[in-house]
Amino acid sequence: MTGLRWFRSGLLPGLMSHLFIFWKWKRRAHICLYPGAAIYCKRICSTMIEQEGGQLTLVSLPKKVTEFQQFMVDTAVGTTHDPIEIHKRKLSLWFSHLPQEEKQFGGYFSTETMHVDPLILERKPEERAGLLSSSVKTQASVVPSLTVEKLFETNEDHHQDRGLNVLLYGAVGTGKSTIVRKLILDWCAGTTLTNFKLVIPFSCEDLGELTKVASLRDLISRKYLHLKRNPLLSGESNQAKDILFIFNGMEKMELDFRIGSTELCSDPNEPLPARAIVVNLLRKYLLPEVSVLVTTRLSALDRIPSKYVSRYAQICGFNDPNRQRAYFTSRLLQQSGETVQTHDAQALVELLYLNLQRESQLATACFLPSYCWLTCATLHFLHFTDAKAPIRTLTGIYTSFLRLNFGGEVLGKATGASVPNQDIHSTLMLYVVSTVGKLAYDGVTYKRTSFSEQELEQWIGGKTKTDEELRQLAVFRTDVLDFFLAPCVESCKHLPTELCEDDERRYVFAVPAMQEYMAALYVVLGENKSALEKLTKQVSVAIGQATEDVSAIVNIFSKFIPLRIFAFFNLIKLFPKFYEKISTRNKGNLARTIAAELFRKEDSYNEDVLDQVEKNLLGVHGPPSKQQIQALPFELYPIFMGGLLHYSNRVLLKNLGCNIQSDTVAQITRALRKYLVREINKPQPPEELMDLLVLLYEFQNPRLTAEVLASIRSICLHNVRMTPLKCFVLSSVLSCAPPSYQLEELDLSSCLLTRDMLQMLSPAFRHTRNLNLQFNNLAPDSCILLRDLLKDSKSCVRVLLLCDNRLLDSGASLLLEALPENQSLRHLSLMHTSLGDQGALELVERLQQHTGLQELNVAYNNIGDNAALGLVDACREHPSIDIVHLYLNPLSDVGKQSLYVRGIPKSRGSGRRVRVLASVTEGSDLSEDWHPILSVIRENASSWDRDRLKHQLKVFLRDLEWGRQQQQSFLKKLHFRRVEKGVRQTLRMLENNTPHSSASAKK
């Protein structure tokens, strides 16, 4: 038996996840494949095997074949011999691999579909300093944007025996790594850099970690084994002119071009440190014919002397709204192909484009492609979240955003400097937290969003002492500061008067939510401690370590010399325990801060945080409201603090050097439950309640959520603009409750609910007794979900209010199918649902199959006399129905009189009395419910048909006048006059078009 076997390979981590075995035995080929690969491999293998007289057997396994497995089949049958083709295939597979931050958005994105070329400008050596975004637009109109391929075009002055060294640089977030990824994929596809036969990319971060010396060829073969004996790397003649080396992220390597520090080397087989190899390649001493592309940040430009750089090129980001729009279109329109989602995505792109054209603060932020990614990720989270998607949180998006831009980076040592120990701010992200986070925290504390240059100097510069701290600060200012802060382009109408009078330039965070995120991270990491608290912690740690050593020695000597003085050392042990108690109290203060910030009284009637985030991105079109003119609230700040305590975010932050201990999280969680329960027992506006749900969702702690829900008996989200995300948040939070948990009332009236949202909320409805779905956009097909809810044996819905939803007779028919199997429903409201005679007659047939219903509301529909009389007769025969609402239906005077008579039993003991609300009068007397009827009309005047309401009110006046004439008692006539006055006031209100109250009723 002869054959080939491939097991899990470390070459492509994350792509090769299954065992693939191919073997050939006795002129038979058995190939284990995944569905979709059988046709591909049969085409390759059948010709070769059948020519030998053999047989071909294909066995399908239960998962799809990957491109790597197809590549293995190609290699096995001998169709791929060229090592360069193998190299292209492997590079294409590796650089097509999406990071986890991209996969969490449904896998719609790829480098090919989402890439938009940023502005690239060629610079002279004396012009290589970074540019401000405001001046780039002027420069771009004079100098056209370049492609990377054009940078390697030679001119007459170029020496033919030497390759080009191109230095591509830019600030954080301008897209250097994305440019490199797209460049390599295009070369593998044969669409660019066709003059190079071989492109060899390296990560400078990986090279910087290498400790063993190796030759250039060994360095290449260690990563690309198939290139081990490639003749292009031999150094003979000028074969190396067809090679391009790419070194991405040069700032992560300490290159030293001094001869005394880095020896010369021209032999590709001579072992050297990785840094020395890169230096000699750039010197053109080693393989002078090769071309080299180096990407770096602004702070590392001077590490390569200008005499070794053939061309400087600067990535300037997206300098105009059209590039930004192209990026948003490629991102947001890459949906699953559904027409509704595509239409919504197009609308989002148009709103974004309008906001960018106004030269808003968002346009300044989206100058960096990284912030375009953050904008798209946030909008995707806000608008395209569904139950099938993986769990995503807003805090997770911002944490992933920082990991993509600053993952694993440290503030490295200066060239030639020897720092024995890295200080507490050795990681770049922790340094950012201690500087930018401090600035953000100060702004949140004092309700400020803009900062002057003096304030930046105070908070960012700080009091530096050593040369190393000054160097770190210079690197930070050059590479990172402009990433977080941008010049303020908005007018100063939101600023205090004293700040408006100052003409000094002010700076704001690139996106408003980033200020709240950085402030929350600053607090959660404990960076807001006072100097005394930090000193106490250091003393506690020092005493604790010293006590352990001293205790060991004391325990030994106490065996022989039992002196009482040794008891003194036991007192020293008390200090760390005392500090631990102080620390525990500080964690309680943090929990109290989260609760206090979440339920601020002055922010109680602001929009919920998700709407605020959306408006910050899409902008507000039209004249600003009073609420917008006021200072912006910082309501995301406490939610981010809770979200940062979630385990997945803590893992990402740990990779960034920001460690949040598990015991700290446990202490905060215990205290947070107490404060949240205390605040939630107070009446809260719907928007604040929505913010609480978002906090619990961001926290992702089922136990804490269940404990908080235990104290909530009513959730009122009336008038909150519900979106698929908010529905998902509500459903996810309520799913943490135990099966026995029951919610007395869930008010989702006037929330713009649709059928799809209703489907997402179905699990939450099972916990609800009183379900208010009035004034939404529910159609007849929504009744299918409601029918299934009522049929569910676990459902406990007692009150179902569906007023002002266009359900029609077809929807009512679907809903009534659940009555025979449901025994929990007590109150059903189908008011103003376009119900006609057919729906009323079907309701008559179904009522006898449900014995628990007590109140039925079919007011303001299209029910005539005969159907209404049949319905009242059925209700009178029903064992439990007490009241029927039939007002505002097209009933005649005779019909209304008959309804009143039908509701009264003919004789005592012959049946129950059913209260029929058909008018403000009952026969010749006033109805007991005239006031509720008028209240319903007043409260819904702005949303209902005014002409129909005015006609009905005139009918009421005619009924009242006739009833008053039938009365003999003077007091009863006065009572009729008082009711007439109320009806006339309501009629006058409709004629003057001034609604008495809100556009919705709560019945």
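Cut-offs used in this document
- Residues numbered from 1 in each chain as written.
- Predicted model: local features only at pLDDT ≥ 70, side-chain atom pairs only at ≥ 80, totals over all residues.
- Heavy atoms only, no water.
- Helix = DSSP H or I, 4+ residues; strand = E, 2+ residues; numbered from the N terminus.
- Buried < 20%, exposed > 50% of the residue type's maximum accessible area, 1.4 Å probe, protein only.
- Contact = heavy atoms within 4.5 Å.
- Pairing = 2+ DSSP bridges.
- Right-handed = clockwise from strand over helix to strand, strands pointing away.
- Expected span 1.5 Å × (residues − 1).
- Axes fitted to C-alpha atoms, helices over the stretch in contact; angles between N-to-C directions.
- Parallel < 35°, antiparallel > 145°, perpendicular 65-115°, else oblique.
- Left-handed = near helix turned anticlockwise from the far one by under 90°.
- Salt bridge = Lys/Arg side-chain N within 4 Å of Asp/Glu carboxyl O.
- Patch = residues over 30% accessible without salt bridge, like charges linked within 9 Å, V, L, I, M, F, W, Y side chains within 5 Å.
- Areas by Shrake-Rupley, 256 points an atom, 1.4 Å probe, with all protein chains shown as cover.
- Polar contact = N/O pair within 3.5 Å; in protein donor to acceptor, adjacent residues only side chain to side chain.
- pLDDT = per-residue confidence, 0-100.
- Phe/Tyr/Trp six-rings, centres within 6.5 Å; stacked < 30°, edge-to-face > 60°.
- Lys NZ or Arg CZ within 6 Å of the ring centre and 35° of its normal.
- Core = buried A, V, L, I, M, F, W, Y, C linked by side-chain atoms within 4.5 Å.

## A closer look at the environment of leucine 815
- When you line up the elements, leucine 815 lands in helix α35 (residues 808-816).
- The exposure class of leucine 815 is buried, given its relative accessible area of 2%.
- As for leucine 815 and arginine 787, which are separated by 28 residues in sequence, their C-alpha atoms are 4.9 Å apart.
- With sequence-adjacent residues up to four places away left out, leucine 815 is seen in contact with Cys783, Leu786, Arg787, Leu790, Leu800, Leu802, Leu828 and Leu830.

## Quick word on the pairing of strand β16 (residues 768-772)
- Note: strand β15 (residues 743-747) against β16, four bridges, orientation parallel. Bridging across to β16, leucine 743 finds its partner in threonine 768.
- Chirality of the crossover, the property in question, places the unit of β15, helix α33 (residues 755-765) and β16 among those that are right-handed.
- The sheet contact formed by β16 and strand β17 (residues 799-801) spans three bridges and is parallel. Directly across from leucine 771, in β17, lies its bridge partner leucine 800.
- In this region the chain leaves β16, passes through helix α34 (residues 782-791) and returns to the parallel neighbour β17; the handedness of that crossover is right-handed.

## Description of helix α7 (residues 176-189)
- The terminal C-alpha atoms of α7 lie 20 Å apart, and with 14 residues this matches the ideal 20 Å at 1.5 Å per residue to within 8%.
- If you check which residues of α7 are buried, you get Lys176, Ile179, Val180, Lys182, Leu183, Ile184, Leu185, Trp187 and Cys188.
- Positive phi appears at glycine 190, one or two residues downstream of α7, with a value of about 80 degrees.

## Considering the packing of helix α29 (residues 662-680) against helix α30 (residues 686-699)
- Look at α29 against α30: their axes get within 12 Å of each other, and the N-to-C directions meet at 165 degrees. Taken together, the axes of α29 and α30 lie roughly antiparallel to each other. Of the two elements, α29 crosses α30, and the hand of that crossing is left-handed. Of α30, the residues touching α29 (which contributes Thr669, Leu672, Leu676 and Ile680) are Leu689, Leu692, Leu695, Leu696 and Phe699.

## Focus on the pattern of salt bridges
- Counted by the stated rule, this structure contains 30 salt bridges.
- Here lysine 726 makes a salt bridge to aspartate 611, at a shortest N to O gap of 2.9 Å. Remark: aspartate 611 occurs in helix α25 (residues 609-618) and lysine 726 occurs in helix α32 (residues 724-734); sequence separation between them is 115 residues. Take lysine 726 and aspartate 611: they sit in the same class, and that class is buried.
- Connected through shared salt-bridge partners, Asp608, Asp611, Glu614, Arg721 and Lys726 make up one network.

## Things to note about the sheet that holds strand β13 (residues 506-509)
- Taking strand neighbours across the sheet as the criterion, the three strands line up as β11-β13-β12 in an open arrangement whose pairing is antiparallel. At either end of the open sheet lies a strand with only one pairing partner, and these are β11 (450-452) and β12 (485-487). If you compare each strand with its neighbour and ignore which way they point, the axes differ by 40 degrees on average.
- As judged from the three bridges shared by β12 and β13, these two strands associate in the antiparallel manner. Across the sheet, the residue bridging to leucine 485 is phenylalanine 509, located in β13.

## Notes on the environment of serine 732
- Secondary-structure assignment places serine 732 in helix α32.
- C-alpha separation for the pair serine 732 and isoleucine 391, spaced 341 residues apart in sequence, amounts to 9.7 Å.

## Points about unusual backbone geometry
- For histidine 832, which is not a glycine, the phi torsion comes out positive at approximately 55 degrees.
- Along the chain, the position of histidine 832 falls in the loop between β18 (827-829) and α36 (837-847).
- Judged by relative accessible area, histidine 832 falls into the partly exposed class, the value being 21%.
- In this structure, tyrosine 860 takes a positive phi of about 55 degrees despite not being glycine.

## Comments concerning a nonpolar patch on the surface
- A cluster of nonpolar side chains, namely Ile259, Leu264 and Tyr285, defines an oily patch on the protein surface of about 290 Å² accessible area.
- Along the chain, tyrosine 285 turns up in the loop between α10 (274-283) and β9 (291-296).

## Some words on helix α11 (residues 321-332)
- Spanning twelve residues, α11 covers 16 Å between terminal C-alpha atoms, matching the ideal 16 Å at 1.5 Å per step.
- Those residues of α11 that sit buried are Gln324, Tyr327, Phe328, Ser330, Arg331 and Leu332.
- Here α11 starts with a cap whose side-chain oxygen sits 3.0 Å from the backbone nitrogen of asparagine 322, and that cap is aspartate 320.

## Some thoughts on the sheet that holds β16
- With parallel pairing, the eight strands of this open sheet are ordered in space as β14-β15-β16-β17-β18-β19-β20-β21. Each end of this open sheet is capped by a strand with a single partner; those strands are β14 (714-716) and β21 (915-917). The average undirected angle you get between the axes of adjacent strands in this sheet is 10 degrees.
- Note that β14 and β15 share three bridges and pair parallel. Its bridge partner lying in β15, isoleucine 715 is registered against leucine 746.

## Let's talk about the side chain of serine 829
- Topologically, serine 829 is positioned in strand β18.
- When its relative accessible area of 1% is taken as the criterion, serine 829 is described as buried.
- Dropping the residues within four chain positions of it, serine 829 is found in contact with Leu800, Leu801, Leu802, Cys803 and Asn857.

## Here we look at the confidence of the model for the protein
- Looking at the protein as a whole, the pLDDT averages 77, with 75% of positions reaching at least 70.
- Predicted confidence for residues 413-425 stays below pLDDT 50, and this span has 19 contacts to residues more than four positions away or in other chains.
- Taken as a whole, residues 491-499 scores under 50 in pLDDT and shows nine contacts with residues more than four places along the chain or in a different chain.

## Remarks on the packing of aromatic side chains
- If you walk through the whole model with that rule in mind, you get 22 aromatic pairs.
- Plain terms: the ring middles of phenylalanine 406 and phenylalanine 483 are 5.3 Å apart, the flat faces sit at 85 degrees to each other, and that makes the pair edge-to-face. Placement of phenylalanine 406 in helix α15 (residues 394-406) and of phenylalanine 483 in helix α19 (residues 481-484) is noted, with a sequence separation of 77 residues between them.
- The exposure class assigned to phenylalanine 406 is buried, which follows from its relative accessible area of 1%.
- For phenylalanine 483, a relative accessible area of 1% gives the class buried.
- When the ring centre of tryptophan 187 is taken as origin, the NZ or CZ atom of lysine 88, which lies over that ring, is 4.9 Å away.
- Sitting above the plane of the tyrosine 353 ring, arginine 325 keeps its charged end 4.3 Å from the centroid.

## Focus on the nonpolar core
- Among the nonpolar cores identified, the biggest contains 181 residues, and Tyr371, Phe484, Met514, Met518, Leu753, Leu773 and Leu886 are the most heavily contacted of them.
- Each residue touching methionine 514, except ones within four places of it in the same chain, is listed here: Tyr371, Leu374, Tyr398, Phe401, Phe484 and Phe509.
- By size, the runner-up hydrophobic cluster in this structure holds 68 residues, among which are Met250, Ala276, Val278 and Tyr312.

## Regarding the environment of arginine 477
- Take arginine 477: it is sitting in helix α18 (residues 467-479).
- On the basis of relative accessibility, which here comes to 29%, the residue arginine 477 falls in the partly exposed class.
- As a C-alpha pair, arginine 477 and serine 299 span 178 residues in sequence and 8.9 Å in three-dimensional space.
- Dropping the residues within four chain positions of it, arginine 477 is found in contact with Glu457 and Gly461.
- Within the structure, the side chain of arginine 477 is placed 2.9 Å from the side chain of glutamate 457, a separation counted as a polar contact.

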